[in-house]
There are 2 protein chains.
Amino acid sequence: MKATPQVLKGMRDFLPARMILRHFVTDQLRRVFERFGFEPLQTPAIEYAETLEGKFGEEADKLIYKFEDRGGRAVGLRYDLTVPLARVVSMYPELVKPFKRYQIAPVWRAERPQKGRYREFYQCDVDVVGSQSMVADAEVVTVAYTALRQLGFSSFRALINNRKILQAIASRLGISAELAPGVWRIADKWDKIGAENVRSELAELGLSPGLIDGLFETLDLSGDNAEVLDALATRLGDVPIGAEGIQELRDLFNYLALAEVPPEYYHLDLHMVRGLEYYTGPIFEFVVETPRIGSICGGGRYDHLIGLLGPTEYPAVGISLGLERLIDVIDALGMAPAEVRNTVTEVLVTVFDREYLQDSLAVAASLRATGVNTEVYMGLDKLAHQLRYASRKNIPLVVILGPDEISRGEVVVRNMVTGQQETVERGALLSAIQGELDNATQATPTL
Amino acid sequence: MKATPQVLKGMRDFLPARMILRHFVTDQLRRVFERFGFEPLQTPAIEYAETLEGKFGEEADKLIYKFEDRGGRAVGLRYDLTVPLARVVSMYPELVKPFKRYQIAPVWRAERPQKGRYREFYQCDVDVVGSQSMVADAEVVTVAYTALRQLGFSSFRALINNRKILQAIASRLGISAELAPGVWRIADKWDKIGAENVRSELAELGLSPGLIDGLFETLDLSGDNAEVLDALATRLGDVPIGAEGIQELRDLFNYLALAEVPPEYYHLDLHMVRGLEYYTGPIFEFVVETPRIGSICGGGRYDHLIGLLGPTEYPAVGISLGLERLIDVIDALGMAPAEVRNTVTEVLVTVFDREYLQDSLAVAASLRATGVNTEVYMGLDKLAHQLRYASRKNIPLVVILGPDEISRGEVVVRNMVTGQQETVERGALLSAIQGELDNATQATPTL
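Computed from a predicted model, the values in this text were never measured in an experiment. (Residues numbered from 1 in each chain as written. Chains lettered and ligands numbered in written order. Predicted model: local features only at pLDDT ≥ 70, side-chain atom pairs only at ≥ 80, totals over all residues. Heavy atoms only, no water.)

> Describe the pairing of strand β16 (residues 421–425) of chain B, listing the residues and the values that go with them.
Residues and elements named next belong to chain B. Relative to β16, strand β15 (residues 410–415) runs antiparallel, the two sharing five bridges. Bridge pairing in β16 places Val411 opposite Val424. The antiparallel pairing of β15 with β16 creates a hairpin that spans five residues between the two strands, and Gly419 there sits at a positive phi of about 80°. (Pairing = 2+ DSSP bridges. Helix = DSSP H or I, 4+ residues; strand = E, 2+ residues; numbered from the N terminus.)

Quick look at the structure:
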């Protein structure tokens, strides 16, 4: 039976032009991650359902692609990279701590696909496991900052908060432990639904107007990071968890400055709460201001999650960049550098006829040997047809070999962008090609 | 509930040291594939079951991880990269032909795991879709050859055969179309079970002793590639499909020579049949002789497969390198270059105490800015403990900052391999580091 070829909803094919851009982004991320000493880790796509369900509990049921394998085991596809990391840390106690790893890999979520939300998408995670030092928290924020800068992002900032401070605020205002998660879930929508709607939702939840006023007053504290922390210290300094959270952020901001992250790129934002309940300390969210695409990166400290999934508890902190969002911004702002073309091929070598094919193959072999990405035209079509192939594929240069050129030991180099062509001796071909390619490509700044 | 952390049988975690080697291999493969103008493609892990079952029919049932998604659709995980390629070519007729793509990606097979066989493993495929030219067949063989050489392989060869020649042999000997597949399946085991067992299995299948003799006589033709083709031409030249197959291999060998693949690296082997029944022309199998690991790469021409899965037929040829096998050989022969370390980190910067942390962070930032993969020790432990961390992680260099060094504007650079250390001025740190790293790393030859 012939299947109608189609791709599942929420899943995507990445044809070459898209894939070249994705490679460009993930190569840069990998380079930055390794620059900070994060090591690559890879885990299977399929995990025991029990492992996957450990973190989210009931919610997992909606989220996970679950099925039974041939051995009758309940298994599923990973929906994030944090659970596999926690499993790995639990399974291999021999891993030297702190364990700094990155993983750039697809995850799967059986949710309804929406604009910008897919059922298969890539996460790019860095985490430090086994350190309570705020140096670790500062480092994952610095890595994300450096990666975004390296990709050419400029209009973004990291919003930073601390779950301990939120806990202290709730405790000071007398918001019960049962009520608190609901309160923060509502507060987190501040940017989306506005202060007035937050107020009315909090009222619906059962908070008194006085309580809501008190909450707003604290969350709205303004000033630079140090000023807000000072104001918080006045209000919460005598709540032990509050004092702890404030000190953590003081350290964190101090280390970010020492790591040379410019102050305009991070900002204490008490409204930013983040959904996942497993965070225990500092939390981060990178937002892009132009285009107004919102969060492209999030993370935080989760000191109890690994102990929840395995036999030993390890403090941990991490951050996750969403590849799809990064690409959306790069597209919207036209940020891809000139070297990211629609094709990897730099040169097409034409073929005159069967007799002269050997010359074309020899020229291609010599170009490849010197590092030029080279195609030989596969077929014996007319030159116009071969040039059309190069043009449709956006190959920037064509090397034309006809009997006259071959007999004179020459080749013609045609620039497909300008349409100009020059005749060069075979021995000078490589330098002619390099010159043309350098013209066509504007170098990107390296880290 | 706390899950016991475990990984599914036949699935593997790749911890950093392993993953660094895998990255090294896939980076090299990618570079070689692109050098020949193959473009990256990415497809979803999950496909409609109908798409996956198109190729193998009933056999698929045993092979594929199949399940029902939340929308009640029958879906499955891809078990190879050829079916997704065929689907992509069918779905996007706008793709310029010939479409040359590579894909390096995991596939999943619900088979019983064995030594060297996994349920999740990586394939590295290059294919040319839309060309009947033997230039395409020669190119995929050349790509695989170049990739293996680039990785340092030397003791290997490509076995080459042609399904058309096998068909002509069967036709000449009067082996029926029903019997032929069984005959070739048995012949394919020649290397494994030996000539005598092949003979007895063929007899069991119902071939007469005379027929078996005739078959053996042809398959055993010896000599260099041209001599065997000449001998085949004498026997099969008047069987049209045989003449075609012989001419294809003459062209293929000619193009391999023009592409500068040395003759000792490929060899016409009439016993090599390959299992997949969809091949229609030349077939290839790369075998490694030392260690005796057998096939590491296989492929061939499949001119009808895409038409089987989609509305339009396209001629195609491709080859697939198995990442796990490549790694097995690299391990067995100790072929990984010195630059492939157990860790990506090149330098650890120590921390004296909280007060001097800022100096350590500043030194680390300056090293990273110049491209050195650098960690700052996360914690305030004793120096001996920090050195032990570097040693356990195999970090080659440690930059030690104590109050004395800091006050004099100096640092100590310790080589963890030799144990030697030198005091250098801060301004001379980078060149000292570069010198030590160059000593530690033997450059690999570039393509």
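> If you had to explain the interface of chain B and chain A to someone new, which residues and values would you point to?
Accessible area lost on assembly of the parts is the figure often given for the size of an interface. Between chain B and chain A, the residue contacts involve 101 residues of the former and 101 residues of the latter. When the two sides are added together, the surface that chain B and chain A hide from each other amounts to roughly 9,200 Å², 59% of it contributed by carbon and sulfur. The largest contributions to the chain B side of the interface with chain A come from B:Leu8, B:Gln42 and B:Met378, which together make up 9% of the buried area. Our enumeration of links across chain B and chain A arrives at 12 salt bridges. Between A:Asp251 and B:Arg354 there is a salt bridge, with its nearest N and O atoms 2.7 Å apart. Of the residues forming the side of chain B that touches chain A, the biggest block, nine residues, is contributed by helix α1 (residues 16–35) of chain B. A class-by-class count of the residues in the side of chain B that touches chain A yields 52 nonpolar, 18 polar and 31 charged. (Contact = heavy atoms within 4.5 Å. Buried area = accessible area lost by both parts, 1.4 Å probe. Salt bridge = Lys/Arg side-chain N within 4 Å of Asp/Glu carboxyl O. Nonpolar A, V, L, I, M, F, W, Y, C, P; charged D, E, K, R; others polar.)

> Break down empty space enclosed by the protein for me, with residues and values.
Using the criterion set out here, one finds six cavities of 30 Å³ or more in the structure. The wall of the largest cavity is formed by 42 residues, among which A:Gln42, A:Ile104, A:Tyr122, B:Ile104 and B:Tyr122 lie closest to the centre. Elements with a minimum of two residues in the lining of the largest cavity: α1 (16–35), β5 (99–108) and β6 (120–129) of chain A together with α1, β5 (99–108) and β6 (120–129) of chain B. When grouped by side-chain class, the residues that make up the lining of the largest cavity number 22 nonpolar, 10 polar and 10 charged. (1 Å grid on protein atoms, 1.4 Å probe; cavity = no way out; pocket = protein on both sides within 12 Å on 5 of 7 lines; lining within 4 Å. Points joined across faces, edges and corners; volume = space filled by probe spheres on them.)

> Pulling in residues and values, what's your account of the relation of the copies chain B and chain A?
At an RMSD of 0.0 Å, chain B and chain A line up after a rotation of 180° and a shift of 0.0 Å along the axis. Both copies of the chain, as the preceding transformation shows, are related through a two-fold rotation axis. Among all C-alpha atoms of chain B, that of B:Phe67 lies closest to the rotation axis, at 3.0 Å. The overlap is high: 100% of the interface residues of chain B also sit at the interface in chain A, so the same surface is used on both sides. (Least-squares fit on C-alpha atoms with pLDDT ≥ 70 in both.)

> Give a description of the domain arrangement of chain A that names residues and reports values.
Under the domain assignment used here, chain A contains domain 1 (16–333) and domain 2 (347–443). One C-alpha centre belongs to domain 1 of chain A, the other to domain 2 of chain A; they are set 50 Å apart. (Domains from an automatic or database assignment.)

> Any details on the confidence of the model for chain A? Residues and values, ideally.
Residues and elements named next belong to chain A. Summary statistics for chain A give a mean pLDDT of 92 and a share of 96% for residues scoring 70 or more. Taken as a whole, residues 442–447 scores under 50 in pLDDT and shows 12 contacts with residues more than four places along the chain or in a different chain. Scoring the predicted complex yields pTM 0.95 and, for the interface, ipTM 0.94. (pLDDT = per-residue confidence, 0-100.)

> Break down the packing of helix α7 (residues 180–187) of chain A against helix α8 (residues 190–205) of chain A for me, citing the residues and quoting the values.
Residues and elements named next belong to chain A. For the pair α7 and α8, interaxial distance at closest approach is 8 Å and the crossing angle is 150°. On the basis of their axis angle, the class for α7 and α8 is roughly antiparallel. Touching Gly182, Val183, Ile186 and Ala187 of α7 are Trp190, Val198, Glu201, Leu202 and Leu205, all from α8. Taken together, the residues that form the contact of α7 with α8 break down as seven nonpolar, one polar and one charged. (Axes fitted to C-alpha atoms, helices over the stretch in contact; angles between N-to-C directions. Parallel < 35°, antiparallel > 145°, perpendicular 65-115°, else oblique.)

> Account for the environment of A:Tyr266, naming residues and giving values.
Residue and element names in this part refer to chain A. In this structure, Tyr266 sits in strand β8 (residues 266–268). Under the relative-accessibility criterion, Tyr266 is labelled buried at 7%. In this structure, the C-alpha to C-alpha distance between Tyr266 and Gly371, residues 105 residues apart in sequence, is 42 Å. Ignoring any residue separated from it by four or fewer positions in sequence, one finds Tyr266 in contact with Ala158, Ile160, Asn225, Phe253, Leu256, Ala257 and Val261. (Buried < 20%, exposed > 50% of the residue type's maximum accessible area, 1.4 Å probe, protein only.)

> Go over the sheet that holds strand β9 (residues 282–288) of chain A with me, naming the residues and quoting the values.
Whether parallel or antiparallel, the strands of a sheet pair through hydrogen bonds between backbone atoms. Residues and elements named next belong to chain A. Sheet architecture is open: eight strands sit in the order β1-β5-β6-β11-β10-β9-β7-β8, paired in mixed fashion. Sheet topology places β1 (39–40) and β8 at the edges, where each strand pairs with a single neighbour. For strand β7 (residues 156–162) and β8, the ladder comprises three bridges, and the chain directions are parallel. Paired with Ile160 across the two strands is Leu268, which belongs to β8. Sheet strands touched by helix α4 (residues 82–91): β5 and β6. Its angle to β6, the strand with the most contacts, is close to 40°. Relative to β7, helix α6 (residues 163–173) is tilted by about 50°, and along the sheet it contacts β7 and β9.

> Run through unusual backbone geometry, naming residues and quoting values.
For the peptide bond that leads from B:Lys97 to B:Pro98, omega is -5°, which places it in the cis range. Among the structural elements, B:Pro98 can be located in the loop between α4 (82–91) and β5. The peptide bond linking B:Thr290 to B:Pro291 adopts the cis configuration, its omega dihedral lying at -10°. Within the secondary structure layout, B:Pro291 lies in the loop between β9 (282–288) and β10 (294–301). Even without a glycine there, the phi angle at A:Asn394 is positive, about 60°.

> Explain the nonpolar core to me, and be specific about the residues and the numbers.
A general feature of soluble globular proteins is that nonpolar side chains tend to end up buried together. Core analysis: the largest hydrophobic core is formed by 117 residues, its most contacted members being A:Ile433, B:Phe153, B:Trp184, B:Leu232 and B:Phe286. Sort the elements by how many residues they give to this core and helix α5 (residues 134–150) of chain B lands first, with 11 residues. (Core = buried A, V, L, I, M, F, W, Y, C linked by side-chain atoms within 4.5 Å.)

> Describe in detail the packing of helix α10 (residues 225–236) of chain B against helix α11 (residues 240–258) of chain B, supporting the description with residues and values.
Residues and elements named next belong to chain B. It is the contact of α10 with α11, at a shortest axis distance of 10 Å, that shows an interaxial angle of 165°. By the angle class used here, α10 and α11 are roughly antiparallel. In this structure, α10 meets α11 at a crossing whose hand is left-handed. From α10, Asn225, Ala226, Leu229, Asp230, Leu232, Ala233 and Leu236 reach across to α11, where they touch Gly242, Ala243, Ile246, Leu249, Arg250 and Phe253. Looking at the contact of α10 with α11 residue by residue, the class counts come to nine nonpolar, two polar and two charged. (Left-handed = near helix turned anticlockwise from the far one by under 90°.)

> Please give an account of the pattern of salt bridges that cites residues and values.
Where charged atoms from two side chains of opposite charge approach closely, those side chains can pair. As enumerated under the stated definition, the model contains 62 salt bridges over all chains in all. Between B:Arg30 and A:Asp27 there is a salt bridge whose closest N-O contact spans 2.7 Å. A residue pair is termed interchain when its members come from two chains, as with B:Arg30 in helix α1 and A:Asp27 in helix α1. Residue A:Asp27 is classed as partly exposed on the basis of its relative accessible area of 29%. Close ionic contact of B:Asp69 with B:Arg73 constitutes a salt bridge, the shortest N to O distance being 2.8 Å.

> A description of the sheet that holds strand β2 (residues 46–48) of chain B should follow, citing residues and the corresponding values.
All names here are of chain B. Ordered in space as β2-β4-β3, the three strands form an open sheet in which the pairing is antiparallel. Strands with a single pairing partner mark the edges of an open sheet, and in this sheet they are β2 and β3 (66–68). Neighbour-to-neighbour, the strand axes of the sheet open up by a mean angle of 40°, direction not taken into account.

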